[in-house]
Amino acid sequence: MKVRTDRIKEMAAAAAADQGLHQTLLAAAGRFRQLRQGGVAAFDDLEKARDQGRRVKERCLAELDRLLPRLEKQVRAAGGRVHWARDAAAARAIILGLARARGVKRVVKGKSMMSEEVGLNQALEQDGLEVFETDLGEYIVQLAQESPSHILAPAIHKNKQEIAALFADKLGVDYTDDPEELTRIARRVLRQKFLQADMGITGGNFAIAESGTLALFENEGNIRMSTTLPRLHVALIGIEKVVETYRDFDVLRKLLTISATGQKLSTYLSLITGPRRDGELEGPDEFHLVLLDNGRSRILADPLLRQSLYCLRCGACLNVCPVYQCIGGHSYGWVYSGPIGCLLNTQLLPRGQGGPAPFACTLCGACAAVCPVKIDHPKVMLHLRWLMAEDPAWPLPRPPAARLGLSLYAWLATRPAGFRSASALARLLAPIAAPGGKARLTPPAISRWGRTRRLPRWQRPFSQRWPGLRRRLGNREEPS
Ligand code: SF4
Ligand code: SF4
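Residues numbered from 1 in each chain as written. Chains lettered and ligands numbered in written order. Predicted model: local features only at pLDDT ≥ 70, side-chain atom pairs only at ≥ 80, totals over all residues. Heavy atoms only, no water.

Let us now look at the site of ligand 1. Contacts to ligand 1 come from 13 residues, most closely from Cys321, Cys361, Cys364, Gly365 and Cys367. More than half of the atoms belonging to ligand 1 lie within 2 Å of the grid points that define the largest cavity. Those elements that place two or more of their residues in the shell around ligand 1 are α15 (322–327), α17 (366–370) and α18 (377–390). Residues of the shell around ligand 1, tallied by class, amount to 11 nonpolar, 2 polar and no charged. (Near = heavy atom within 4 Å. 1 Å grid on protein atoms, 1.4 Å probe; cavity = no way out; pocket = protein on both sides within 12 Å on 5 of 7 lines; lining within 4 Å. Sits in = over half its atoms within 2 Å of the grid points. Helix = DSSP H or I, 4+ residues; strand = E, 2+ residues; numbered from the N terminus. Nonpolar A, V, L, I, M, F, W, Y, C, P; charged D, E, K, R; others polar.)

Have a look at this one:
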């Protein structure tokens, strides 16, 4: 997927001005919040369950060096094959190699953010393969030649009228904005693709090391079809998806589905251990598991940043984030969006390419309050900001005017006499620069900011007000 993180500000400004997008996002996020709210009652003690989930992820990630080889051994014992991909290019090469060697022409795909991360569709299509997304939301964004804008609901940015017009245009069907009819149309088209496909590609929610089992949750049945009808099934997952045991899996699966859609269990749960065995009626002849690193080992090495890898991809943090609901998923400029997108895009992309996403956050903490594995997004966000500001390895693109202004301020703020003189001068000039509190002389770099704001009345510096404040405070009784 094309990286557009250098355009986050422009894209966010355009999205923020789009009233239609706001209404669509607010309505959809509100529905997801209601579903989650209804579902969490299923936990006797939600906080305890979240703590348990967090501990499972902490332990499994701390023991990846032991769990990944165990997973490989079990997948092989079940008749599957495991491939290790250091980065996106390696993952693409492995999957293309498998397709070429078997003369694959048509591919059906289950929803997979991982395949967006490595740019798989483009690579397969460039090689002459036909690729069909089969999750309804993914199918819609593929038809529209767009990218997903939400981890769970890829087409959340589109209303039913837009989808109806898209289907009429691309599929040549009569216009209808009845959601059930639109779903029937997509099902009719995709059924043929399932029957013709030579290869099914999916992601995976968890990989259970003790048995070599891949777990996939879904509500549409398209993943079940993608993993059973084609003769070849390839699953692409990040190395952080491994858990040790079924018991670990059981802790996380309920947290995932309830946080995502309020369901105790999704409509379909596929547990895949190797390819079809002798005597079994369904399943592929070959099962391949591609384990992708793509920067995850680097994230894992940092004790604070590693919690970004605990993510279950439930989408709950996006549904409560005021920034996401204002600017939508595409404004984040790469695969992941919302609170977790701010963390992952910045860390998974090469240093310096992540853009200013960690700054697109008010630090309100709503995301951390709903995260089923207690990721502390604001804390990680602040740490990333600090790294970007202080560590030359994390270059932050800043306009020269802002850099000059901040350097000047830093110089002045560390010289008390100069700071006092500058404050006194600013107080004298304030009525001329901003008569009646109306900001007029804002420098070009912040002029748009200034156009929409009034300067507050200039106050006496705190250092001058403090002696009086201290006297007044000193007269008050200390609270016991
Ligand atoms: S802390 Fe930041 S990312 Fe999290 S919900 Fe608030 S604005 Fe969004
Ligand atoms: S960060 Fe937490 S809330 Fe957000 S998608 Fe991941 S698991 Fe869900």
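Anyway, onward from the coordinates.
All right, on to the packing of helix α9 (residues 160–171) against helix α10 (residues 179–196) then. Two quantities define a packed helix pair, namely the angle between the axes and the distance from one axis to the other. The N-to-C vectors of α9 and α10 enclose an angle of 35°; their axes lie 11 Å apart at closest approach. Note on packing geometry: the crossing formed by α9 with α10 is left-handed. Within the contact between the two elements, α9 uses Lys160, Ile163, Ala164, Phe167 and Leu171 and α10 uses Pro179, Leu182, Ile185, Ala186 and Val189. Each residue belonging to the contact of α9 with α10 can be placed in one class, and the counts come to 9 nonpolar, no polar and 1 charged. (Axes fitted to C-alpha atoms, helices over the stretch in contact; angles between N-to-C directions. Left-handed = near helix turned anticlockwise from the far one by under 90°. Contact = heavy atoms within 4.5 Å.)

Taken together, Cys311, Leu312, Arg313, Cys314, Gly315, Cys317, Ile340, Cys371, Pro372, Ile375 and His377 are the residues near ligand 2. The cavity where ligand 2 resides is the second largest cavity. The residue inventory of the shell around ligand 2, partitioned by class, reads 8 nonpolar, 2 polar and 1 charged.

Note: α-helices contain 3.6 residues per turn, so residues at a spacing of three or four share the same orientation. The end-to-end C-alpha distance of helix α5 (residues 88–101) is 20 Å, a good match for the 20 Å that 14 residues give at a rise of 1.5 Å each. Of the surrounding secondary structure, the elements contacted by the buried residues of α5 are β1 (81–85), α6 (113–118), α7 (120–126), β4 (199–202), β7 (232–238) and β10 (286–292). Among the residues trailing α5, Gly103 stands out with phi positive, at a value near 65°. (Expected span 1.5 Å × (residues − 1).)

With that out of the way, let us pick up the packing of helix α8 (residues 136–143) against α9. One can describe the packing of α8 onto α9 by two numbers: an axis separation of 10 Å at closest approach and a directional angle of 60°. Considered as vectors, α8 and α9 are oriented oblique to each other. The two elements α8 and α9 meet at a crossing, and its hand is left-handed. Residues Tyr139, Ile140 and Leu143 of α8 form the contact with α9, whose participating residues are Ile163, Leu166, Phe167, Lys170 and Leu171. Taken together, the residues that form the contact of α8 with α9 break down as 7 nonpolar, no polar and 1 charged. (Parallel < 35°, antiparallel > 145°, perpendicular 65-115°, else oblique.)

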